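Chain and residue survey
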Amino acid sequence: MRRVLILGGTAWLGRAVARAAVARGAEVTCLARGASGDAPEGARLVRADRSRPGAYDALGGEWDAVVELADEPALVRSALEALADRARHWTLVSSVSVYRRDDQPGADESADLVEPRDLTAYPDAKVAAERASAERLPGRLLVARPGLIVGPGDPSDRFGYWPARLHRGGRVLLPTVAGRAVQVIDVDDLAAWVVRAGEDAVTGAVDAVGTSAPFDAVVDAVRAVTGFTGTLVPADDAWLRAHDVRYWAGPRSLPLWLPASATGFARRSGARYRAAGGGERDLAETVARVLRDEVARGTGRPRRAGLTAGEEADLLAALG
């Protein structure tokens, strides 16, 4: 039986990877503090704080595959020191945020990376983690660089904002979507691929991204799944920015909306991902999965991303 170690495994993506590995018949161990809950059924949780000495002492033996989810270089390095010599294959989950430019549609894994100077910045930390891992694991390392990960349970609340909001109906504030794109990867598709890539000993950097779609096509898919019969009210970039509406994510944002200059961020090449066996379900299926989750969690709940009902109402009134 294959032995798979997930450094994490109790939160969102890590938990999905653990479930996928269990489903493939592996003996799965998750090393985590357990603050996000227990390991999924069929996996073993070893509780440890990776910032403390001895965090890896309970992990004996050899590992067929290790999956690292951390973005703090210190945690990545400590895991490498403790486990690299006992791992046949290692996957570091990085991000497409490591790329220096976001204005090159079709760019692939050969594009320039940011130079890590501030390790408290997410892109810099991920590049530093990639470099430390590559130095320690020549010939055994897969660097998976996902784009926007979406699906049930998404803690960022970005993609789910739109199914939740259209499900509530009424007048919906929308950014200008013409010429904009959205590129997502379903969390379960990504997790399944990470597990299979470990089995197949895939190495090198891979942008794990789905097919880029026009923003308006994504809105149409959400409308169809939610049965939306309300009114979409578009506003241009200048008006939204003048009224302190933010791009992409976070409070008072319109999620997935990007600056017009970011022409390449949601248009990366996924050729290497597909060549490495990566799968991608239909967008409508992902939207339906997300909608069920949003309804279960409450479409009007406080969110980490998007406009509150009050903020949107004020903006719509100001827009006229």
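Before going into details, it helps to say that this report is about the structure given with it. Residue numbers here run from 1 along each chain, matching the order of that chain's written sequence. Local features in this predicted model are restricted to residues whose pLDDT is 70 or higher, and side-chain atom pairs enter the listing and the counts only when it is 80 or higher, whereas totals over whole chains, interfaces and linings include all residues. Excluding hydrogens and water, the side-chain figures rest on all heavy atoms present in the structure.

1. A few points about the overall build of the chain
- By the criteria applied, helices consist of DSSP H or I runs no shorter than four residues and strands consist of E runs no shorter than two, each listed in order from the N terminus. Per the secondary structure count, the chain includes ten helices and 15 strands.
- Computed over C-alpha atoms, the radius of gyration of the chain comes to 20 Å, within 12% of the 20 Å expected from 2.2 N^0.38 for 320 residues, which places it in the range of a compact globule.
- Each principal axis of the C-alpha atoms in the chain carries an extent, and together these give about 65 × 40 × 35 Å.
- In this analysis, two residues are considered to be in contact whenever any of their non-hydrogen atoms come within 4.5 Å of each other. Across the chain, the fraction of contacts at a sequence separation of at least 24, relative to all contacts at a separation of at least 6, is 75%.
- His is not counted here, nor are the chain ends, while Lys and Arg score as positive and Asp and Glu score as negative. Positions of charges follow a simple convention, taking NZ of Lys, CZ of Arg, CG of Asp or CD of Glu. The distance from the centre of the 42 positive side-chain charges to the centre of the 43 negative ones in the chain is 2 Å. Our radius of gyration looks at C-alpha atoms and nothing else; its globule reference is 2.2 Å times the residue count to the power 0.38.

2. Description of the pairing of strand β2 (residues 27–32)
- When accessible area is computed with a 1.4 Å probe and restricted to protein chains, residues below 20% of their type maximum are described as buried, those above 50% as exposed, and intermediate ones as partly exposed. Burial analysis of β2 places five of its six residues in the buried class, the great majority of the element.
- Strand pairing is assigned whenever DSSP identifies at least 2 bridges connecting the two strands. The pairing of strand β1 (residues 3–7) with β2 spans five bridges and is parallel. When the sheet's bridge partners are listed, Arg3 is paired in β2 with Glu27.
- Whether a crossover is right-handed comes down to one check: with the strands pointing away from the viewer, does the path from the first strand over the helix to the second run clockwise; if it does, it is right-handed. Crossover connection from β1 via helix α1 (residues 12–23) to parallel β2: handedness right-handed.
- Pairing of β2 with strand β3 (residues 43–47), which is carried by five bridges, proceeds in the parallel orientation. Of the residues in β3, the one forming a bridge with Leu31 is Val46.

3. Here we look at the sheet that holds β3
- Reading across from one edge, β3-β2-β1-β4-β5-β6-β11 is the order of the seven strands in this open sheet, with parallel pairing throughout. Unpaired on one side and paired on the other, β3 and β11 (204–208) mark the two borders of the sheet. Strand-to-strand twist across the sheet, computed as the mean angle between neighbouring axes with direction ignored, equals 20 degrees.
- Convention adopted: a line fitted to C-alpha atoms gives each axis, helices being fitted over their contacting stretch, and angles between N-to-C directions are expressed from 0 to 180 degrees. Its contacts with the sheet place helix α3 (residues 122–136) against β5 (90–93) and β6 (141–146), and it is angled at close to 165 degrees to β6.

4. Quick notes on the pattern of salt bridges
- The term salt bridge refers to a side-chain nitrogen of Lys or Arg lying within 4 Å of a carboxyl oxygen of Asp or Glu. Under the defined criterion, the tally for this structure stands at 29 salt bridges.
- Between Glu312 and Arg165 there is a salt bridge; the shortest N-O distance is 2.6 Å. Here Glu312 is found in helix α10 (residues 309–319), whereas its partner Arg165 is found in helix α4 (residues 161–168), with 147 residues between them in sequence. Comparing Glu312 with Arg165, the two get one shared label, buried.

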